[in-house]
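Reading the structure
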Amino acid sequence: MINFKEAQKIIFNNIELSSLEERDILQCNDKVLGENIYSKDNLPPFNKSAMDGYAIKSEYTESVSNENITEFKIKNTIKAGEYCTEILEHGEVYKIMTGAPVPNYADSVIEIEKVIVENNKIYINEKVKKDKNIIKLGEELRIGDLALKKGSVIRPSEIGLLASLGYKKVKVHKSPVVALIITGDELVDIDSKLSNGKIRNCNEYTLISLIEKIGAKVVSFGIVCDDKNILREKINLSLKESDIVITSGGVSVGDYDFIEEILGDIGADIKFNKVAIKPGKPVTFATYKKKLFFGLPGNPLSVINTFEEFVKPAIKKIMGKNNFSNEEFNVVLADNFKSKVGRRDFVYVDLKKENEVYYAHKIGSQSSNQLVTISKANGIVIIPEDVEDVYVGEIFNGRFIFK
Ligand code: AMP
Ligand code: MG
């Protein structure tokens, strides 16, 4: 049995960054950019009015003051989307709308609220400064500037920026295809009535939502019975059709836990089959011709924990994300919790903030078959390997879950 850090290191050492694909920008949310994006235009492409107001030449207002209120004739109105090439003479202004190009002969915009308007004239009582309320051509970006760096995570703001620069498609790191195999003779699907000895298959649904939440693709092979030959056939098929295979159940020491044996049969390289953690000890990781194989335990809480701790960071790394684990922070225990020396305990809790401090509250049994527990939890507290039972007031690292 290896410890948590060793297990994570082994997984990371076997990860390769995914190749690139071109995607429509609207399909790039949360993907990692695989190319530098240079600006094809100036942004903004012209001197733009930041206000609804009056475009004026500042020089013509030099003698204006409270004692010398001066009138200017409104020559014309410039709407957003129009372009004006007329010459602005002394004593003239243009009415201008937000987003409209400031004409060449003007160098400032006075806000509508600062003038008095009468009979197509405005009256002003103070000098205006040059460049006031003008967003200058190329102020954000000049042609050829680096707009977005390779490796950036694309968010709605980056999608907007790409759109304003005229990029319809960009290159991003591909999302891996993840195959799911759900083992267990006891499982029936969610629309079935429960009969003797049967339970509903929940792990398939949990895993599909966990995988899709981080932007990877799922191919589910559904429930496969605990028959070695049938399971081997499905595992072979799933390895052909995906980049990563996840199985649920069948990795423990029971008579019908065949996953490890099958991995041996097909020549997969088993890197580990047990990690000193709770929940999720009997987790298996193997590689097969550059494909990754995660054999997760069958208990619903173990599935979630091992996915969150091992599979999720791996998928994020494959997709080019450097920030692959959620931020940990100090958490003060509001209750006592059980823990054992020699393993890392992930205790599912309700994290509540009081006076800027996060407190971890007990929410019920941490037994790994309990999904009811996790439905009340919003976070975990991580109790390291060298610590036994922990008590109210002690401080450990914690984290929100499903982030
Ligand atoms: P296993 O790892 O196959 O020994 O399964 C451990 C426990 O998890 C057993 O109680 C199983 O019945 C349960 N289990 C396994 N797979 C599922 C599943 N897909 N949905 C719900 N419970 C499951
Ligand atoms: Mg089983």
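Residues numbered from 1 in each chain as written. Chains lettered and ligands numbered in written order. Predicted model: local features only at pLDDT ≥ 70, side-chain atom pairs only at ≥ 80, totals over all residues.

Quick word on the sheet that holds strand β7 (residues 108-111)
Overall, mixed pairing links the 6 strands, which are arranged β7-β4-β6-β5-β9-β8 in an open sheet. Each of the sheet's edge strands pairs with one partner strand only, and the pair in question is β7 and β8 (116-118). Mean inter-strand twist for the sheet, computed between neighbouring axes without regard to direction, equals 40°. Where β8 lies against strand β9 (residues 121-124), 3 bridges are found, and the strand directions are antiparallel. Paired with Val117 across the strands is Ile122, a residue of β9. (Pairing = 2+ DSSP bridges. Helix = DSSP H or I, 4+ residues; strand = E, 2+ residues; numbered from the N terminus. Axes fitted to C-alpha atoms, helices over the stretch in contact; angles between N-to-C directions.)

Overview of the site of ligand 1
Close to ligand 1 lie 19 residues; Asn201, Asn203, Gly249, Gly298 and Asn299 are nearest. Grouping the amino acids of the shell around ligand 1 by side-chain chemistry returns 6 nonpolar, 11 polar and 2 charged. (Near = placed C-beta within 6 Å. Nonpolar A, V, L, I, M, F, W, Y, C, P; charged D, E, K, R; others polar.)

Section: helix α5 (residues 259-266)
Taken as a whole, α5 has its buried residues at Ile259, Ile262 and Leu263. Along α5, the residues classed as buried sweep out an arc of 100° about the axis, all on the same side. Exposed side of α5, more than 90 degrees from the buried face: Glu261 and Gly264 are the residues found there. Contacts made by the buried residues of α5 are with α4 (228-240), β17 (244-248), β18 (269-272), β20 (284-288) and β21 (291-296). Two residues or fewer after α5 comes Gly267, characterised by a positive phi angle close to 85°. (Buried ≥ 20, exposed ≤ 12 C-beta atoms within 10 Å, placed from the backbone. Arc of directions from axis to C-beta. Contact = placed C-beta atoms within 7 Å.)

Re the environment of Lys240
Secondary-structure assignment places Lys240 in helix α4. Residues Lys240 and Lys291, spaced 51 residues apart in sequence, show a C-alpha to C-alpha distance of 9.2 Å.

Focus on the nonpolar core
Ile246, Phe293, Phe294, Val349 and Val381 are the most contacted members of the largest nonpolar core, which totals 68 residues. Broken down by element, this core gets its largest block of residues, 9 residues, from helix α6 (residues 300-318). In contact with Phe294, not counting residues within four places along its chain, are Ile246, Phe285, Phe310 and Val311. Counting residues in each nonpolar core, the second largest holds 20 residues, with Ala55, Ala106, Val109 and Ile110 among its members. (Core = buried A, V, L, I, M, F, W, Y, C linked by C-beta atoms within 7 Å.)

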